[in-house]
Amino acid sequence: MSDDRRKPFPFDVFEPQWQQRWLEEKIFRTPGPGDADFDASKPKYYILDMFPYPSGAGLHVGHPEGYTATDIIGRYKRMNGFNVLHPMGWDAFGLPAEQYAIKTGQHPRITTEANITNFRRQLQALGFAYDWDREVNTTDPDYVRWTQWIFLQLYASYFNEETGKAAPVTELEAQGWTPAQIDDVRLAYIHEAPVNWSPDLGTVLANEEIEEWKAKGHTVERRPLRQWMLRITKYAQRLIDELEPLDWPDSIKLLQRNWIGRSEGAEVVFTIGSAGLQPASKTPSGEAAASPDNQSLITDNCHEVTVFTTRPDTLFGATYMVLAPEHPLVAEITSAEHKDTVEAYIKQCASKSDLDRGDLNKNKSGVPTGAFATNPVNGQQIPVWIADYVMMGYGTGAIMAVPAHDERDFEFATKFELPVVQVIDTNLDAGGTPTLPSTGHGTAINSGFLDGLKTTDAKARMIAWLEENNKGTRKIQFKLRDWLFSRQRYWGEPFPLLWDRETGLHAALPESELPLLQPEMEDFKPTGDPRGPLVNATDWINYSDQYTRETNTMPQWAGSCWYYLRYCDPRNEQRFISKAAEHYWSGTSSLDHSSPIPGNQKSTGTVDLYIGGTEHAVLHLLYARFWHKVLHDLGHLSTSEPFQRLVNQGLILGEDGQKMSKSLGNVVNPDDVVDNYGADALRLYEMFMGPLEQVKPWQMKGVEGVSRFLARVWRVAFEQNQEGEWVTSSKLQGNDGAPPSTTPPGATANSDKALLKVLHETIKKVGEDIERLSFNTAISQMMVCTNAFTAAEKLPTDLLLSFLQILNPFAPHLTEEINKRLQGSVGVPPASQSGLLLSEKPWPPYDEQYLVQDTIELVIQVNGKVRAKLTVAPDTPKEQLEQLARDHENVQQHTAGKTIRKIIVIPGRLINIVAN
RNA sequence: GCCGCCGUGGCGGAAUUGGUAGACGCUGCGGACUUAAAAUCCGUUGACCUCACGGUCGUGCCGGUUCGAUCCCGGCCGGCGGCACCA
């Protein structure tokens, strides 16, 4: 087919040429501290994309959305004198590569390399101004080395409760702590607990990952295993508090806060009579003196159980107690007559999948243990049940049930006919019987010394009472759990740890032996052995006569937790990042100049602007913050947060308004769009679709629209001659002999004045719109300007050159090509004189003098409705405007028979006549 | 169920501080150029009434504040996202 004829301008020829030149001449190389051409006096701007996982499917149109946005901002900041760090890399470890390798028998390194090559080609075909010299790959041995080094920092640290910071465990050694005691506080520790084991994947998964893999059809079950954990819970409070000053969307902050799930309340200690005992005649036991945290056996017939509650003020309303089926005390307190039903129930719960346990929450189940607990506040004997609506993983795995004021307890109490005692009056004035359960605040009743107190005061009073009487303590509880950090995979960073064959103790691999890479293996299929496939690498495991190697590997999150740091100093062999690079790119070096960019003034976070999808709102962004804080505490980083400003791009839907998916056949391939319309058109369309953060559907007709716009820009500069060749447009007017300048000349003719006005309005608006990430309106304004240029009979070339300069960040290929082709004609100096590319030139200033208007249009309203329009000089006095408005024919018609009460004049906008 | 976000023409969207609703683009319609088509260019395109001047309605629905509300407040309806027995 006549493919060439369809191309409205020869993007297929010049786009690859420019991409090649940018690469070969390293136009977008970013010098940093230590480089000969580094200028430390320049302000820095660090703009970051969420690096992709290089899947076999290649780039998706969702990728270039965020990448184009950052590219525009990066190029714009560069033109404004910033030293811009805008890097790209690969999050290349991961289960899909390993699964694919198992299926095809090819080593994951080979497929990963092939995928990266494809991704790099696709990104380079879009003309992004990355500094490819800083490319980072998480599977690269030089990168793995420092991931493992950072893990060893965590391993060798503990959380000092007094300072609220991480510190080396050597401090504790000096204080005479034993190895076992130290292992109890390490930020990286080994723990045996029920985990999410996937038999067909042959690995454990983090809680956060379960859904993703289940959705892909894999099974996940609970199974107790020994796993490496990271003590992120120690940072729960700081992860909440230090979120506050960040320039992140409120919705994402909220998501993180909810995920961390802070609850204030109290722990309350109940005593439970031993198995078989019937409720004793009221004997409030006051002699328990053990720590409330310690649910230990006190005597042969007496146990203590601690519960967590956010409503200690309702303690008088606790009518029964529930333990999680997995609670360690269940077996001990269960009476002989209930033993069979309790054991059967526990078994039934264990076989339930997580899904069932969640789905069936409408229908509560449980069985009594036969034991009774003593309510510490009134000595009442209350029955102890077990039920799976109480979970072992949160709080203490036991609750006091207050059915009158908790929906779940109420439902349970109703089903099993347990007593309900109201202790909060939520509508004192109304007087009627309140509908229970009532979970709101109110006034305490039936509550002894709390009666009459408002909920907030009652809580405080009860906590004070509990603490005075050693029956409980104030407690802050978090939903966040420690991070399950080990995986039973081949394609991940091995843990740099050793096990002593004799003592069974673990130890760090010496730093000098990093990186520790996986051994070459033929077969890394899941073995069913929960130690993972590396267990089969017998030579590799045998470290020495004394030590064997740890066989677990790290999760994919490990590499993405710190990649933004490595970009600052990617080839450093001495450290994960040099001090100088860290300080400069974090904006904390003394050389850093105060900058007018809001995000650059405070140095809370290293990266000035981070753009990516919402899918990482909690996991990656929480993990990276945690690692950053540990490294900060240990003195390795000067900032306390990684990402100062965060923006989430909205999902791009298919043309049918549904999420793109292979099964729906609505997936748009970026390569096809580039082939048919060019890279500039794809970039521009993705920015023109709508606001960056919004979810929006793809429309191929819209791509054609922006392609037409680019063609119009091209035809402002060029026209086709008889032979069909593109030659300089006859409308372009060089200012003969006058020296070329970066700013347009003043108005030389009346016809130029309107063009100058629209150009300078455009320069102003596009700059402002880039700053506020409103790319769609910036493009809209550039279309307005182009339409004016197209309509003009004659156009001074300087105006076009200024326009190309501001369009360059959006459509870099087209603009460079036009600029180059115009050199040496129509008043443009030859390339030999001004060799700079547009991308290397400064952003043009706009001139206020061209923006002033001779006349303005005012709207005249009568009672808020537009009745007339008025064209006047901008400085027309108010009195005159009022008179003009009154005199207007149409206004008089609408005010006839009415009295004018008031005239409101909004300068430059409107006049509103209030009449009735 | 709880928390959060969003509802504007036939479609994507604009209106930046409460001040002309619908910029810009797509689609549709009419025209120019062409033997014809494509491409390009010009005009038009919220609904309704009117020959016209002009008028009425209109930003999910109902109400409020205001000279004036897409924007602020209260109550509903619908869609999307997150969490999901978190005590």
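Because the structure is predicted, anything quoted here is derived from the model rather than measured.

Our focus in this paragraph is the pattern of salt bridges. All chains considered together, the criterion is met by 35 salt bridges. Note that Glu761 is salt-bridged to Lys757, the shortest N-O span being 3.0 Å. Of this pair, Glu761 and Lys757 both sit in helix α26 (residues 750–771), four residues apart, which is roughly one turn of that helix. On the basis of relative accessible area, Lys757 is assigned to the partly exposed category, the value being 23%. The structure contains a network of salt bridges with shared partners spanning Arg238, Glu242, Arg625, Lys629, Asp633 and Glu641.

Moving on to the pairing of strand β7 (residues 188–198). The pairing of β7 with strand β9 (residues 221–230) spans 10 bridges and is classified as antiparallel. Bridge assignment links Ala193 to a residue of β9, and that residue is Leu225. Note: β7 against strand β8 (residues 203–205), three bridges, orientation antiparallel. Counterpart to Asn196 in the pairing with β8 is Leu205.

Attention now goes to the protein's contact with RNA strand B. Around RNA strand B, 54 residues are found, and the nearest of them are Thr310, Arg408, Arg712, Lys765 and Asn912. Backbone atoms, meaning sugar and phosphate, make up 64% of the atoms of RNA strand B lying within 4 Å of the protein. With respect to RNA strand B, the side chain of Ser780 contributes an N or O atom lying 3.0 Å from a sugar or linking oxygen. Contacts to RNA strand B include Lys865, whose side-chain N or O atom sits 3.1 Å from a phosphate oxygen. Take the surface near RNA strand B: its biggest share by element is six residues, from helix α27 (residues 775–791). Tallied by class, the residues present in the surface near RNA strand B amount to 21 nonpolar, 15 polar and 18 charged.

This part takes up the confidence of the model for chain A. Per-residue pLDDT for chain A averages 88, and the proportion of residues at 70 or more is 91%. Low pLDDT, under 50, characterises residues 591–601; the predicted model gives this stretch 20 contacts beyond four residues in sequence or across chains. In the model output, the complex is listed with pTM 0.91 alongside ipTM 0.95.

Here is what the cut-offs are and how they apply
- Within every chain, residues take consecutive numbers counted from 1 along the sequence as written.
- Note on labels: chains are lettered from A, ligands numbered from 1, in written order.
- Only residues with pLDDT of 70 or above have their local features reported here, since the model is predicted, and side-chain atom pairs are shown and tallied only from 80 upward, although totals for entire chains, interfaces and linings are computed over all residues.
- As a rule here, side-chain values come from all non-hydrogen atoms in the structure, and water together with hydrogens is ignored.
- Should a side-chain nitrogen of Lys or Arg be within 4 Å of a carboxyl oxygen of Asp or Glu, the pair is scored as a salt bridge.
- Helix numbering and strand numbering both begin at the N terminus, where a helix is a DSSP run of H or I of at least 4 residues and a strand a DSSP run of E of at least 2.
- Throughout, exposure labels follow a simple rule: accessible area from a 1.4 Å probe, protein chains only, divided by the maximum for the residue type, with under 20% read as buried, over 50% as exposed, and the rest as partly exposed.
- Paired strands, in this sense, are two strands between which DSSP finds at least two bridges.
- The nearness test applies per residue and asks whether one of its heavy atoms lies within 4 Å of the molecule or strand.
- Contacts described as polar in this section are N or O atom pairs within 3.5 Å, which, within protein, must combine one atom able to donate a hydrogen with one able to accept it, while residues neighboring in sequence count only if both atoms come from side chains.
- Under the scheme applied, nonpolar residues are Ala, Val, Leu, Ile, Met, Phe, Trp, Tyr, Cys and Pro; charged residues are Asp, Glu, Lys and Arg; polar residues are all the others, including Gly.
- Summary of the metric used: pLDDT quantifies the predictor's per-residue confidence within the range 0 to 100.
- Residues are treated as being in contact if the distance between any of their heavy atoms lies within 4.5 Å.

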